[in-house]
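Each chain, letter by letter, is given below.
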Amino acid sequence: MDSLSEPPPFDALEDRILPWSQVKVICGLSRTTVWRMQKTGDFPACVQVSRNRVGWWQSEILAWRRARTPRRLPEPRAIPARPEPVKPSFRPVLETPQPEPPPEIVTSPDLSAKTRRKRKAAVPENQTAFDFGG
């Protein structure tokens, strides 16, 4: 068969630039993680589509996904069953004397009120002062 009559491979026809919204669905990673992986070479580089837009080649993203083998989490270890707590043997409870209440502290209520001063806040001349205190 002649090489000119053969159709191009399917991937070449379907290769297109994907926006981040589609790349995110394919890779399942956050944008920051992808950015970090791009810096270390562990993720395909993006392509400048226009001045403020980038994309990723679909074929590169799919090849990255096929090459990546997801790691499975280790199987959880069996937690040994806790032994039954040992119940204490019966001991008679001796009556404990109740502590005496503390003596009452007597203070003069007038003494604290006389020594306390009220401070008045300085109010600028162009504002009205409101006195909410009693």
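Our structure is the block above this text.
Residues numbered from 1 in each chain as written. Predicted model: local features only at pLDDT ≥ 70, side-chain atom pairs only at ≥ 80, totals over all residues. Heavy atoms only, no water.

1. Some remarks on the overall build of the protein
Then, number 1: The secondary structure content of the protein amounts to 5 helices and 3 strands.
Then, number 2: Starting at the N terminus and ending at the C terminus, the protein contains elements arranged as α-β-α-α-β-β-α-α.
Then, number 3: When the 134 residues of the protein are sorted by exposure, 11% land in the buried category.
Then, number 4: Look at the contacts in the protein between residues 6 or more apart in sequence, and 43% of them connect residues 24 or more apart.
Then, number 5: Total accessible area on the protein is roughly 13900 Å²; 56% of this is exposed by carbon and sulfur atoms. (Helix = DSSP H or I, 4+ residues; strand = E, 2+ residues; numbered from the N terminus. Buried < 20%, exposed > 50% of the residue type's maximum accessible area, 1.4 Å probe, protein only. Contact = heavy atoms within 4.5 Å. Areas by Shrake-Rupley, 256 points an atom, 1.4 Å probe, with all protein chains shown as cover.)

2. What about the pairing of strand E2 (residues 47–50)?
Then, number 1: Examined bridge by bridge, E2 and strand E3 (residues 53–57) share 3 bridges and lie antiparallel to one another. Residue pairing in the sheet places Val47 in a bridge with Gly55 of E3.
Then, number 2: Between the end of E2 and the start of E3, which pair antiparallel, lie 2 residues. (Pairing = 2+ DSSP bridges.)

3. Let's talk about the pairing of E3
Then, number 1: Sheet analysis places strand E1 (residues 17–18) next to E3, joined by 2 bridges and oriented antiparallel. Looking at E3, one finds that Leu18 is bridged to Trp56.

4. As for the packing of aromatic side chains
Then, number 1: The full count for this structure, using the stated rule, is 2 aromatic pairs.
Then, number 2: On the numbers, 5.8 Å between centres and 55 degrees between planes, the contact of Trp20 with Trp56 is tilted. Of this pair, Trp20 sits in helix H2 (residues 20–27) while Trp56 is found in strand E3, placing the two residues 36 residues apart along the sequence.
Then, number 3: Taking the relative accessible area as the measure of exposure, Trp20 reaches 17% and is therefore buried.
Then, number 4: The class of Trp56 is buried, set by a relative accessible area of 2%. (Phe/Tyr/Trp six-rings, centres within 6.5 Å; stacked < 30°, edge-to-face > 60°.)

5. Observations concerning the nonpolar core
Then, number 1: Residues Leu18, Trp20, Val23, Ile26, Cys27, Leu29, Val34, Met37, Phe43, Trp56, Ile61 and Trp64 constitute the largest nonpolar core, which totals 12 residues.
Then, number 2: If you list the elements that add at least two residues to this core, you get H2, helix H3 (31–40) and helix H4 (58–67).
Then, number 3: Counting residues per element, this core draws most heavily on H2, at 4 residues.
Then, number 4: In this structure Trp20 touches Leu29, Ser30, Arg31, Val34 and Trp56, once residues within four positions along its chain are discounted. (Core = buried A, V, L, I, M, F, W, Y, C linked by side-chain atoms within 4.5 Å.)

6. Points about the sheet that holds E3
Then, number 1: Spatial strand order, E1-E3-E2: 3 strands in an open sheet with antiparallel pairing. Each edge of the sheet is formed by a strand with only one pairing partner; in this case those strands are E1 and E2.

7. As for a nonpolar patch on the surface
Then, number 1: Taken together, the side chains of Ile17, Val49 and Trp57 make up a nonpolar region of the molecular surface, amounting to roughly 240 Å² of accessible area.
Then, number 2: Tracing the sequence through the fold places Trp57 in strand E3. (Patch = residues over 30% accessible without salt bridge, like charges linked within 9 Å, V, L, I, M, F, W, Y side chains within 5 Å. Salt bridge = Lys/Arg side-chain N within 4 Å of Asp/Glu carboxyl O.)

8. Things to note about the packing of H2 against H4
Then, number 1: Direction vectors running N to C along H2 and H4 enclose 15 degrees, while the axes themselves pass 10 Å from each other. With respect to H4, the element H2 is oriented roughly parallel. The element H2 and its partner H4 pack so that their crossing is right-handed. Mapping the contact onto sequence places Val23, Ile26 and Cys27 in H2 and Ile61, Leu62, Trp64 and Arg65 in H4. (Axes fitted to C-alpha atoms, helices over the stretch in contact; angles between N-to-C directions. Parallel < 35°, antiparallel > 145°, perpendicular 65-115°, else oblique. Left-handed = near helix turned anticlockwise from the far one by under 90°.)

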